[in-house]
Amino acid sequence: MSYGEDKNFWGIPYGTEISAEAFLKDIWDPSTEEILTPKQFFGLGWGINLHALGRRVGVIK
């Protein structure tokens, strides 16, 4: 999981951005194959990358 500046609290990633771009990066990031990515949008934990999930299931080529 290599994003620019990974922020974490006791090993749990958190996001501090409140923007549409950060929200979209949490749910749709074609630049990585990881399904669980560290939060970019405001919150604690990991986001589910629906693009990577769709590729693994075979819905997206």
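Above: the structure in question.
Residues numbered from 1 in each chain as written. Predicted model: local features only at pLDDT ≥ 70, side-chain atom pairs only at ≥ 80, totals over all residues. Heavy atoms only, no water.

### Side note on the sheet that holds strand S2 (residues 12–15)
As summarised here, the arrangement of the 3 strands in space is S1-S2-S4, forming an open sheet in which the pairing is antiparallel. Here the strands that pair on one side only, and so sit at the sheet edges, are strand S1 (8–9) and strand S4 (43–44). Where S2 and S4 come together, 2 bridges link them in antiparallel fashion. If you follow Gly15 over to S4, its bridge partner there is Gly43. (Pairing = 2+ DSSP bridges. Helix = DSSP H or I, 4+ residues; strand = E, 2+ residues; numbered from the N terminus.)

### Focus: the packing of aromatic side chains
Scanning all chains against the criterion turns up 2 aromatic pairs. Between Phe9 and Trp10, the aromatic rings sit 5.0 Å apart at their centres with planes inclined by 15 degrees, giving stacked as the arrangement. Here the aromatic rings of Phe23 and Phe41 are separated by 5.5 Å at their centres, their planes lie at 75 degrees, and the arrangement is edge-to-face. Of this pair, Phe23 sits in helix H1 (residues 20–27) while Phe41 is found in the loop between strand S3 (36–38) and S4, placing the two residues 18 residues apart along the sequence. Here Phe41 falls in the partly exposed class, since its relative accessible area comes to 24%. (Phe/Tyr/Trp six-rings, centres within 6.5 Å; stacked < 30°, edge-to-face > 60°. Buried < 20%, exposed > 50% of the residue type's maximum accessible area, 1.4 Å probe, protein only.)

### Observations concerning the pattern of salt bridges
Taken as a whole and judged by the stated rule, the model has 3 salt bridges. Between Asp29 and Lys25 there is a salt bridge, with its nearest N and O atoms 3.8 Å apart. Judged by its relative accessible area of 4%, Asp29 falls in the buried class. Here Lys25 falls in the partly exposed class, since its relative accessible area comes to 31%. Between Arg55 and Glu33 there is a salt bridge; the shortest N-O distance is 3.2 Å. Of the two residues, Arg55 sits in helix H2 (residues 50–57) while Glu33 sits in the loop between H1 and S3, which places them 22 residues apart along the sequence. The class for Arg55 is partly exposed, based on a relative accessible area of 37%. You can call Glu33 partly exposed: its relative accessible area is 39%. (Salt bridge = Lys/Arg side-chain N within 4 Å of Asp/Glu carboxyl O.)

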